[in-house]
Amino acid sequence: MHSELTDTTDHDDRPYPPGDLAIWVFILAELAAFALLFVLYGVVRAKHVDLFNEMQLTLDRNAGALNTVLLITASWCVARAVAAIRTGADRSSARWMACGILAGFGFLVVKVFEYSAKFDAGIGLDTNLFYMFYISLTFFHFMHVVLGLLILGFLLLKTLRGGYSADDHLGMETGASYWHMVDLVWIVLFPLVYVMR
Amino acid sequence: MKNRTFHLDLVWALLLAGTAYTWWLGDSGHAGTGTVMAILAIAGIKGALVIREFMALRGVKLLWQIAVFGWLLLVLAVNMAAYWKGN
């Protein structure tokens, strides 16, 4: 499927998104699920503005910002890995992919510390409406990061084994597209949940 | 290749700058409609950059672009409208 997309032309010249069509169907389904949660968040927040503003102040905004930096950086590294493999530079591609995985793993570490602080303080899904949304949204996203990292790990191993080349890298583009979706969702989540008041 | 990678590096720098500004707006206690509009506009620009340059949807068939850019616009517009209604 879309095998014509594995050439080395710049993405501007292509009629279809990079990667396999199936991943884009999956990406659109995932985006729809997150859209539903974001819309619900906005609607419920509008009915409980004072609660949401008060509870938002209890979040660690610095951790949220740091995680945004880590995910953006991971996405950039993955984009560089794809750019490198398009020229056949598989060693360089593997290095960029490894850096992307490192940044993505950093996101998980920061998030685990953030969750630990909240759970240690006795905060859970039933604390109030704000925390129900905070935990649901961020944990749903967290699981996507875990899946994304497993995919990136597979891509790295295959790259190290010479599995991708300038002429054949559809699999890497497919995995990279999923990872960028995870980044895109966090770019919306961070301002909505951590900053907007 | 060098042009392409410079392009990606530039996008990364812009995304970091947008994140820093959003963090500053929140950390300095800014609030209100103007601030929220700015925060959501920055999120929109950052999201559009990721969609266009990292997801590489720039130049693909219009339907694909409408689906993903439309998602971003919908989510941000609904939250802006909900903010107006709630405040």
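Residues numbered from 1 in each chain as written. Chains lettered and ligands numbered in written order. Predicted model: local features only at pLDDT ≥ 70, side-chain atom pairs only at ≥ 80, totals over all residues.

Student: What am I meant to see in the packing of helix α5 (residues 129-160) of chain A against helix α6 (residues 170-195) of chain A here?
Tutor: Helix-helix packing is characterised by the crossing angle of the two axes and by the distance between the axes. Residue and element names in this part refer to chain A. In contact at an axis separation of 9 Å, α5 and α6 are set at 155° when each is read in the N-to-C sense. As summarised for this structure, α5 and α6 are arranged roughly antiparallel, according to the angle between their axes. Every pair of crossing elements has a handedness; the one defined by α5 and α6 is left-handed. Side by side, α5 and α6 meet where Tyr134, Leu137, His141, His144, Val145, Gly148, Ile151, Leu152, Leu155 and Lys158 of the first sit next to Gly171, Met172, Gly175, Tyr178, Trp179, Val182, Val185, Trp186, Leu189 and Val193 of the second. Tallied by class, the residues present in the contact of α5 with α6 amount to 14 nonpolar, five polar and one charged. (Axes fitted to C-alpha atoms, helices over the stretch in contact; angles between N-to-C directions. Helix = DSSP H or I, 4+ residues; strand = E, 2+ residues; numbered from the N terminus. Parallel < 35°, antiparallel > 145°, perpendicular 65-115°, else oblique. Left-handed = near helix turned anticlockwise from the far one by under 90°. Contact = placed C-beta atoms within 7 Å. Nonpolar A, V, L, I, M, F, W, Y, C, P; charged D, E, K, R; others polar.)

Student: Any chance you could explain the interface of chain B and chain A here in plain terms?
Tutor: At the interface, 42 residues of chain B touch 42 residues of chain A. For the side of chain B that touches chain A, the secondary-structure elements that each account for two or more residues are α1 (2-27), α2 (33-54) and α3 (62-86) of chain B. Top element by residues in the side of chain B that touches chain A is α1(B). It accounts for twelve residues. For the side of chain B that touches chain A, the per-class residue count stands at 27 nonpolar, nine polar and six charged.

Don't take any of this as a statement about function, it's just geometry.
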